Amino acid sequence: MIRWANMTTNYFARYIGLPRGENLYQIKRGNNGISRDVAERIVAKFPEIDLLWLLTGNGQMFSGGRQLGTQIPFYRADAELQIMQTGKLRPECDLVIPMLADCDLAMLYTGRVMGHVTPAGTIVLLKKWPTDAIIPGEEYVIVSQKIVTLRIVRTTERGDEVRLVAGDRENYDDMTLPLSEIETLYRVRGKLTVNN
């Protein structure tokens, strides 16, 4: 629930009206069960969450069996290999992440170029982005005729090209790409790293 809300445990505790997060840490560790008071505080702030699910762990997290909020289609496909085929692919499910509601789609990143910055297996939440609004230092999936890659984009001294920076700079080199060769650009608006 805390991960879904995209909050730290302490911030979540304050948000629902608890003076500190210790009780929530104990619940997360399995030392305590959730009390009715805490569950009701959560539902008061997040009415889309099912009270019975909070109290028992049975049923579905969202009341009415349906996730409420902006639906972000998740494609279990590699962003670098299949981002241009999303029109032909079927989303596996819809993600609802309130803090990232303005994303267009979510895909897997299975590459190695980004190293620990974006580990292989990360779900990247993407927003289609205009090439004239690139924010230097941000991560993007860049689509050109020659290459599709996820990289950090930096400006160069020339105004008509960008430098594509690898997260793993020990094993991968930077590349430059003329802005005119970028066909489509997706800004990485968020990442979900799955711990195995």
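Residues numbered from 1 in each chain as written. Predicted model: local features only at pLDDT ≥ 70, side-chain atom pairs only at ≥ 80, totals over all residues. Heavy atoms only, no water.

(A) Representation of the pattern of salt bridges. With the rule as written, the count across this model stands at 10 salt bridges. Here Arg 189 makes a salt bridge to Asp 102, at a shortest N to O gap of 3.2 Å. On the criterion of sequence distance, the pair formed by Arg 189 in strand β9 (residues 182-192) and Asp 102 in the loop between β2 (93-95) and β3 (105-109) is long-range, its members being 87 residues apart. Relative accessible area serves as the criterion here: at 34%, Asp 102 is assigned to the partly exposed category. (Salt bridge = Lys/Arg side-chain N within 4 Å of Asp/Glu carboxyl O. Helix = DSSP H or I, 4+ residues; strand = E, 2+ residues; numbered from the N terminus. Buried < 20%, exposed > 50% of the residue type's maximum accessible area, 1.4 Å probe, protein only.)

(B) The arrangement of the pairing of strand β4 (residues 122-128) in detail. Taking burial as the measure, the 7 residues of β4 include 5 buried ones, the bulk of the element. Strand direction decides the pairing type here: β3 and β4, joined by 5 bridges, are antiparallel. Looking across to β4, one finds that Met 107 is bridged to Val 124. Summarising the sheet, β4 and β9 pair through 6 bridges and their orientation is antiparallel. Each residue of the ladder has a partner; that of Leu 125, found in β9, is Gly 190. (Pairing = 2+ DSSP bridges.)

(C) Looking closely at unusual backbone geometry. Phi is positive for Asn 6, which is not a glycine, with a value near 60°. Tracing the sequence through the fold places Asn 6 in the loop between α1 (2-5) and α2 (9-15). The exposure class assigned to Asn 6 is partly exposed, which follows from its relative accessible area of 44%.

(D) Structural detail: the sheet that holds strand β6 (residues 148-155). Spatially, β2-β1-β3-β4-β9-β5-β6-β7-β8 is the arrangement adopted by the 9 strands of the open sheet, whose pairing is mixed. Every other strand in the sheet has two partners, leaving β2 and β8 (175-178) as the edge strands with one partner each. Looking at each pair of strands side by side, their axes are set apart by 45° on average, direction ignored. (Axes fitted to C-alpha atoms, helices over the stretch in contact; angles between N-to-C directions.)

(E) A look at helix α4 (residues 36-45). Every buried residue of α4 is listed here: Val 38, Ala 39 and Ile 42. Relative to the axis of α4, the buried residues are bounded by an arc of 100° and lie together on one face. In this structure, the buried residues of α4 make contact with α2, α3 (22-29) and α5 (51-56). (Arc of directions from axis to C-beta. Contact = heavy atoms within 4.5 Å.)

(F) Structural context of the packing of aromatic side chains. Enumeration according to the criterion identifies 3 aromatic pairs in this entry. Ring centres 6.3 Å apart and planes at 25° place the aromatic pair Tyr 11 and Tyr 15 in the stacked group. Taken together, the positions of Tyr 11 and Tyr 15, both in helix α2 and 4 residues apart, correspond to about one turn of that helix. Note on Tyr 15 and Phe 46: the rings are 5.6 Å apart at their centroids and 45° apart in plane angle, and the pair reads as tilted. In this pair, Tyr 15 sits in helix α2 while Phe 46 sits in the loop between α4 and α5, placing the two residues 31 residues apart along the sequence. Assessed through its relative accessible area of 8%, Phe 46 is described here as buried. Against the face of Tyr 15 rests Lys 45, its NZ or CZ located 5.0 Å from the ring centre. One Lys or Arg, Arg 187, reaches over the ring of Trp 129 and ends 4.9 Å from the middle of that ring. (Phe/Tyr/Trp six-rings, centres within 6.5 Å; stacked < 30°, edge-to-face > 60°. Lys NZ or Arg CZ within 6 Å of the ring centre and 35° of its normal.)

Treat this as a map of the structure, not an account of what it does.
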